[in-house]
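# Coordinate inspection notes
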Amino acid sequence: MTRVLVPYRVAEPKTRLAPVLDANERRELSRHMLDDVLSAVRAAGYDPTVLSTAPLSEKECLVDDRPLTTAVNAHLRPETAVVMADLALTTPAVISRLLETPGDVVVAPGRGGGTNALVARHPDFRVDYHGASYRDHLDRCETIGASVRTIDSYRLGTDIDEPVDLPELLIHGTGTAADWVDDRFTVCTDTETGRIGVERV
Ligand SMILES: Nc1nc2c(ncn2[C@@H]2O[C@H](COP(=O)(O)OP(=O)(O)OP(=O)(O)O)[C@@H](O)[C@H]2O)c(=O)[nH]1
Ligand SMILES: C[C@H](OP(=O)(O)O)C(=O)O
């Protein structure tokens, strides 16, 4: 069975949400998002392992405080899936789709050039996160001769990184992270631009 790693940084999570959430709120939201991702993976029939920078109460938890790319590569072996802990719109159905898609490497890109989830079945595949990691992962596949499939998914493509992502969670979320945001924020529309955002309730 595929091993599902869920990387999680305990200290100072979600710094890009600092314009709208204080440090304690970012910790709380981050933890809710992790719980929602773990629940979706479990409901899809897999046992997730949290790859955490510090000990957690989770039964299945690997602690590795090295940088993200180094830590993931240290625990990558065929066949491993890596699902980020900030995919708060994830559902069991989309996790099943990710894990059941064939290919040496299966990649679910995120907006902004990132890689929100992947499955590695090729022994020579390594991750290289940050920047345009989706493109870097495709390049790596070409270099090692690995077949690659891309998952085109709104839910896997939406990681909650910045204030602009919070309306997505309010509108499309169904888990505990969406409830947490819904208790504090509401969707608003900028009268000049017509774009949506969030404001405190
Ligand atoms: N194990 C581990 N996980 C990490 C590390 N950095 C980020 N993560 C996790 O990787 C996923 C993607 O993280 P990012 O969105 O790049 O960064 P973030 O730390 O969540 O947020 P920012 O501080 O705003 O960049 C999230 O699930 C993080 O918890 C790390 O150094 N080690
Ligand atoms: C981990 C990183 O996430 P982002 O910074 O794009 O959210 C990436 O996907 O390379």
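Reading the values: the criteria
Residues numbered from 1 in each chain as written. Chains lettered and ligands numbered in written order. Predicted model: local features only at pLDDT ≥ 70, side-chain atom pairs only at ≥ 80, totals over all residues. Heavy atoms only, no water. UniProt positions renumbered as here; feature names shortened; annotations may be inferred. Near = heavy atom within 4 Å. Polar contact = N/O pair within 3.5 Å; in protein donor to acceptor, adjacent residues only side chain to side chain. Areas by Shrake-Rupley, 256 points an atom, 1.4 Å probe, with all protein chains shown as cover. Nonpolar A, V, L, I, M, F, W, Y, C, P; charged D, E, K, R; others polar. Patch = residues over 30% accessible without salt bridge, like charges linked within 9 Å, V, L, I, M, F, W, Y side chains within 5 Å. Salt bridge = Lys/Arg side-chain N within 4 Å of Asp/Glu carboxyl O. Helix = DSSP H or I, 4+ residues; strand = E, 2+ residues; numbered from the N terminus. 1 Å grid on protein atoms, 1.4 Å probe; cavity = no way out; pocket = protein on both sides within 12 Å on 5 of 7 lines; lining within 4 Å. Sits in = over half its atoms within 2 Å of the grid points. Pairing = 2+ DSSP bridges. Axes fitted to C-alpha atoms, helices over the stretch in contact; angles between N-to-C directions. Contact = heavy atoms within 4.5 Å. Buried < 20%, exposed > 50% of the residue type's maximum accessible area, 1.4 Å probe, protein only. Core = buried A, V, L, I, M, F, W, Y, C linked by side-chain atoms within 4.5 Å. Expected span 1.5 Å × (residues − 1). Arc of directions from axis to C-beta.

Where an unreviewed UniProt entry is consulted, the chain appears under the name 2-phospho-L-lactate guanylyltransferase, with the organism given as Halocatena pleomorpha. Word for word, the UniProt comment on the chain under Subunit (unreviewed entry) is "Homodimer."

## Here's the deal with the site of ligand 1
Not every one of the 16 residues close to ligand 1 is listed here, only the nearest: R9, K14, T15, R16 and A85. Between ligand 1 and R9 there is a distance of 2.5 Å, counted from an oxygen atom to a side-chain nitrogen or oxygen. A distance of 2.6 Å is found between an oxygen atom of ligand 1 and a side-chain nitrogen or oxygen belonging to T15. For ligand 1, whose accessible area on its own is 610 Å², the fraction buried by protein is 88%. Taken together, the residues that form the shell around ligand 1 break down as 7 nonpolar, 3 polar and 6 charged.

## Description of a nonpolar patch on the surface
There is a patch of nonpolar side chains on the surface, built from I171, V187 and I196 and spanning about 230 Å² of accessible area. Along the polypeptide, I196 turns up in strand 9 (residues 196–200).

## Describing the site of ligand 2
In the vicinity of ligand 2, the contacting residues are R16, L68, M84, G114, T115, Y129, H130, S133, D159 and D161. Note that an oxygen atom of ligand 2 is positioned 2.7 Å from one of the side-chain N or O atoms of S133. Residue D161 places a side-chain N or O atom 2.9 Å away from an oxygen atom belonging to ligand 2. Its free accessible area being 300 Å², ligand 2 has 86% of it covered by the protein chains. The cavity that encloses ligand 2 is the largest pocket.

## A closer look at the sheet that holds strand 7 (residues 148–150)
The strand order 3-2-1-4-6-5-7 describes an open sheet built from 7 strands, whose pairing is mixed. Every interior strand has two partners, whereas the edge strands, strand 3 (61–63) and strand 7, have only one. Taken over all neighbouring pairs, the strand axes of this sheet differ in orientation by 20 degrees on average, direction set aside. The pairing of strand 1 (residues 3–8) with strand 4 (residues 80–83) spans 3 bridges and is classified as parallel. Within strand 4, the position partnered with L5 by the bridge is V82.

## Some words on the environment of E199
Along the chain, E199 falls in strand 9. Expressed as a C-alpha distance, the spacing of E199 and V20, which sit 179 residues apart in the sequence, is 8.9 Å. In this structure E199 touches R184, F185, T186 and C188, once residues within four positions along its chain are discounted.

## Some remarks on the pairing of strand 4
The alternating pattern of strand 4 places T80 and V82 and A81 and V83 on opposite faces, both of which are buried. As defined by bridge partners, strand 4 adjoins strand 6 (residues 115–120) across 4 bridges and the pair is classed as antiparallel. Across the sheet, the residue bridging to V83 is A117, located in strand 6.

## Observations concerning the nonpolar core
V4, V83, L98 and F125 are the most contacted members of the largest nonpolar core, which has 42 residues in total. Take this core: its biggest share by element is 5 residues, from helix 1 (residues 23–43). Those residues in contact with L98 that sit more than four places away from it in its chain are V83, V106, A108, A117, V119, I151 and L156. By size, the runner-up hydrophobic cluster in this structure holds 16 residues, among which are L21, L29, M33 and W180.

## With respect to helix 4 (residues 133–144)
Its 12 residues place the ends of helix 4 16 Å apart at the C-alpha level, agreeing with the 16 Å of an ideal helix rising 1.5 Å per residue. Within helix 4 the residues assigned to the buried category are S133, H137, C141 and I144. One side of helix 4 holds all its buried residues, which, seen down the axis, span an arc of 90 degrees. Pointing more than 90 degrees away from the buried face of helix 4 are the exposed residues R135, E142 and T143. Buried positions along helix 4 lie against strand 5 (105–109), strand 6 and strand 7. One or two steps after helix 4, the chain reaches G145, where phi turns positive at roughly 75 degrees.

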